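Each chain, letter by letter, is given below.
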Amino acid sequence: MILMKTSVHALNLNHYDSEHFVEFSLELPTKCPCCGTAYSRSPEHANYFQESSGVMTAYATYFCPACGRCFFVVYLIQEDSPDFLGFPIAQYPTPSESTSFSQELSTLTPKFVEIYHQAEKAEALGLTELCGIGYRKALEFLVKDYAISQHPDKESEIVSSFLGNCIADFIDNKKIKTLAKASAWLGNDETHYVRKHQNYNVQDLKRFIKATVAYIDSELSFTEAFAFLNNSQ
Ligand SMILES: [Zn+2]
């Protein structure tokens, strides 16, 4: 992919007067973090600041005509580059893109969806030690709400059970059981002092949770189709 760059005049924050402009070459954002629309405009304003150590940071404000909101990108300037090239190091607000789940799953377990999206936000903010705990908590809601839907008479038992026991005792579909168990093992690594499965990380945990979701989704569709056929006879 070719990155779009633009040349901007940035005002110096060290000496705040209109005389102190420097021309930078900034990498342009490819989409708006507020609405996700493709983006190719130059910034509305830019400033820069030079620390006593010489490190130079540029700040650019962009306006998205699609959603009418502004966003802000922080750049680290490569001083040895010929055109003062800036690489983006942070963006505000952080991109609001989140995984979408089916209506059926969102109805079954709204808390799972809410916690999963919060974990994604934590991950986007770079809170790597916290997002894993969030995904682990989301998994517990997913598994328990699904188990309750399958065994409504055991609700109080399911609610108070350990996640591992809930998976063993109340998840009947073998594939969902296997995926949920693997997710729980990796999820526990995110909450404990010692990591038992060194070769797996948060990305693997997310992969297993998404596969669990896919099987639960297909079970929900199957149940609906089964009821539809029976009621249409
Ligand atoms: Zn926008």
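Structure: see above.
Bear in mind the structure is a predicted one, so any value in this text is a computation, not a measurement.

Asks: Give a description of the nonpolar core that names residues and reports values.
Replies: If you look at the biggest cluster of nonpolar residues, it comprises 33 residues, and the most contacted ones within it are Tyr135, Ala138 and Val143. Taken together, the elements giving at least two residues each to this core come down to helix H1 (103-108), helix H2 (110-124), helix H3 (128-150), helix H5 (163-170), helix H6 (174-191) and helix H7 (202-232). Ranked by the residues each element gives to this core, the list is headed by H3, at nine residues. Sequence-distant contacts of Ala138, that is, excluding residues within four places in its chain, are made with Phe112, Ile115, Tyr116 and Ala119. Tyr48, Ala58, Val73 and Ile77 belong to the second largest nonpolar core, which has 16 residues in total.

Asks: Describe in detail the packing of H6 against H7, supporting the description with residues and values.
Replies: Viewed as axis vectors pointing N to C, H6 and H7 meet at an angle of 155°, and their least axial separation amounts to 9 Å. The angle between H6 and H7 places the two elements in the roughly antiparallel class. Where H6 crosses over H7, the two elements pack in a sense that is left-handed. Along the contact surface, H6 presents Lys175, Ile176, Leu179, Ala180, Ala182, Ser183, Leu186, Gly187 and Glu190, while H7 presents Val202, Asp204, Leu205, Phe208, Ile209, Ala211, Thr212, Tyr215 and Ile216.

Asks: Report on the environment of Ser232, specifying residues and quantitative values.
Replies: Mapped onto the elements of the fold, Ser232 is located in helix H7. Among the residues examined, Ser232 registers 6 C-beta atoms within 10 Å and is labelled exposed.

Asks: Account for H2, with residues named and values stated.
Replies: With 15 residues, H2 should reach 21 Å at 1.5 Å per residue; the first-to-last C-alpha distance of 21 Å fits that figure. All buried positions along H2 are accounted for by Phe112, Val113, Ile115, Tyr116, Ala119 and Glu120. Buried-residue contacts for H2 involve H1 and H3. One or two steps after H2, the chain reaches Gly126, where phi turns positive at roughly 85°.

Analysis parameters
Residues numbered from 1 in each chain as written. Predicted model: local features only at pLDDT ≥ 70, side-chain atom pairs only at ≥ 80, totals over all residues. Core = buried A, V, L, I, M, F, W, Y, C linked by C-beta atoms within 7 Å. Buried ≥ 20, exposed ≤ 12 C-beta atoms within 10 Å, placed from the backbone. Helix = DSSP H or I, 4+ residues; strand = E, 2+ residues; numbered from the N terminus. Contact = placed C-beta atoms within 7 Å. Axes fitted to C-alpha atoms, helices over the stretch in contact; angles between N-to-C directions. Parallel < 35°, antiparallel > 145°, perpendicular 65-115°, else oblique. Left-handed = near helix turned anticlockwise from the far one by under 90°. Expected span 1.5 Å × (residues − 1).

By themselves, these are just geometric observations and shouldn't be taken as functional.
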